[in-house]
Amino acid sequence: MTSSATITPKGIFQLKIVLAGIEPFIWRRVLAPGTLNLREFSDLIQIVMGWNDTHMHKYCTDQLEIIDADLPKEGSLNESDFLLSDLVSREGDEFEYLYDFGDNWTHRITLELIIPNDDLQMLPACIDGRRACPIDDCGGPYGYNELIRILSDNSNPDFEGTRRFLGGN
């Protein structure tokens, strides 16, 4: 937990967020201050990945499990009490963000660089990425891969129903 004794790295964190279980990879590269709290970082992940923020989430490291601020539980660690720099402080450090405990969307997050502060840089920011994120409630990586398989073949008997489920076009 953050305290006056915690050393917070100064600078801007460049992080790569990769959605596990999907190939080719769906990923985003973001810039955020190390002083961003984990509740705010969750909001950033939701926006850059295209999620609807309708499910619970948690952060996991080898030593910690930090839960969604909206899911208070006695004795648990709350994301509002932690900063991004509490999870990663050196280039190469990693952690996971799990979204939707039913679909189990696991995001692997790596601190790629710590960049000197730039007062002109608008933060946080998404600076790169590849591929659109799956829709909420499509069944996790397995369900998403199945959707892609069905939609890649318009002769598939499930093609029309799946297309309608997704909104038409």
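Refer to the preceding data block for the structure.
Predicted, not measured: the structure shown is a model, and the values here were computed from it.

**Quick look at helix H3 (residues 140-151)**
Structurally, the α-helix is built with 3.6 residues per turn, so residues lying three or four positions apart point the same way. In a regular helix each residue adds 1.5 Å, so 12 residues correspond to 16 Å; H3 covers 16 Å between its end C-alpha atoms and thus fits that length. Where the residues of H3 are buried, they touch strand S2 (26-33), strand S7 (105-115) and helix H4 (159-165).

**Focus on the pairing of S2**
Within S2, 7 of the 8 residues are buried, which leaves the element mostly enclosed by the surrounding structure. Where strand S1 (residues 12-19) lies against S2, 8 bridges are found, and the strand directions are antiparallel. Looking across to S2, one finds that Lys16 is bridged to Arg29. What sits between the antiparallel neighbours S1 and S2 is a turn of 6 residues, in which Gly21 has the positive phi angle 85°.

**Digging into the packing of aromatic side chains**
According to the stated counting rule, one finds 5 aromatic pairs in the structure shown. Ring geometry for Tyr59 against Phe95: centres 6.0 Å apart, planes inclined by 50°, an arrangement best described as tilted. One end of the pair, Tyr59, is in strand S3 (residues 57-60); the other, Phe95, is in strand S6 (residues 94-99), with 36 residues separating them in the sequence. For the residue pair Tyr59 and Phe95, the accessibility class agrees, reading buried in each case. In this structure an aromatic cluster arises from ring pairing among Phe41, Tyr59, Phe95 and Tyr97. Directly above the aromatic system of Trp27 lies the positively charged group of Lys16, at a separation of 4.5 Å from the ring centroid. Between Lys58 and the ring centre of Phe101, over which it is positioned, the NZ or CZ distance is 5.8 Å.

**Focus on the nonpolar core**
Most often, soluble globular proteins keep nonpolar side chains buried together rather than apart. Counting 32 residues, the largest nonpolar core has Leu15, Phe41, Met49 and Leu84 as the members making the most contacts within it. Counting only elements with at least two residues in this core, the list comes to S1, S2, helix H1 (38-49), helix H2 (84-87), S6, S7 and H3. The greatest single-element share of this core, amounting to 6 residues, is contributed by H1. With residues near it in sequence (within four places) discarded, Leu15 still touches Arg28, Arg29, Val30, Ala32, Phe41, Leu84, Val88, Ile109, Thr110, Leu111 and Glu112.

**Some remarks on the side chain of Asp93**
When you line up the elements, Asp93 lands in the loop between H2 and S6. Apart from residues no more than four positions distant in its own chain, Asp93 is found in contact with Val88, Ile109, Thr110 and Leu111.

**Quick look at the pairing of S7**
Strand direction decides the pairing type here: S1 and S7, joined by 8 bridges, are antiparallel. Along S7, the bridge assignment pairs Leu15 with Leu111. Summarising the sheet, S6 and S7 pair through 6 bridges and their orientation is antiparallel. In the strand pairing of S7, Leu98 is matched with Thr106. Hairpin connection from S6 to S7: 5 residues lie between these consecutive antiparallel strands, with Asp100 at a positive phi of about 70°.

**Things to note about unusual backbone geometry**
Following Glu23, the chain continues into Pro24 via a peptide bond in cis, with omega recorded as -5°. Mapped onto the secondary structure, Pro24 falls in the loop between S1 and S2. In this chain, Leu123 is followed by Pro124 through a cis amide linkage whose omega measures -10°. Its place among the elements puts Pro124 in the loop between S7 and strand S8 (125-130). Even without a glycine there, the phi angle at Asp53 is positive, about 55°. Within the secondary structure layout, Asp53 lies in the loop between H1 and S3. Classification of Asp53 by relative accessible area gives partly exposed; the value is 33%.

Rules of the game
Residues numbered from 1 in each chain as written. Predicted model: local features only at pLDDT ≥ 70, side-chain atom pairs only at ≥ 80, totals over all residues. Heavy atoms only, no water. Helix = DSSP H or I, 4+ residues; strand = E, 2+ residues; numbered from the N terminus. Expected span 1.5 Å × (residues − 1). Contact = heavy atoms within 4.5 Å. Buried < 20%, exposed > 50% of the residue type's maximum accessible area, 1.4 Å probe, protein only. Pairing = 2+ DSSP bridges. Phe/Tyr/Trp six-rings, centres within 6.5 Å; stacked < 30°, edge-to-face > 60°. Lys NZ or Arg CZ within 6 Å of the ring centre and 35° of its normal. Core = buried A, V, L, I, M, F, W, Y, C linked by side-chain atoms within 4.5 Å.

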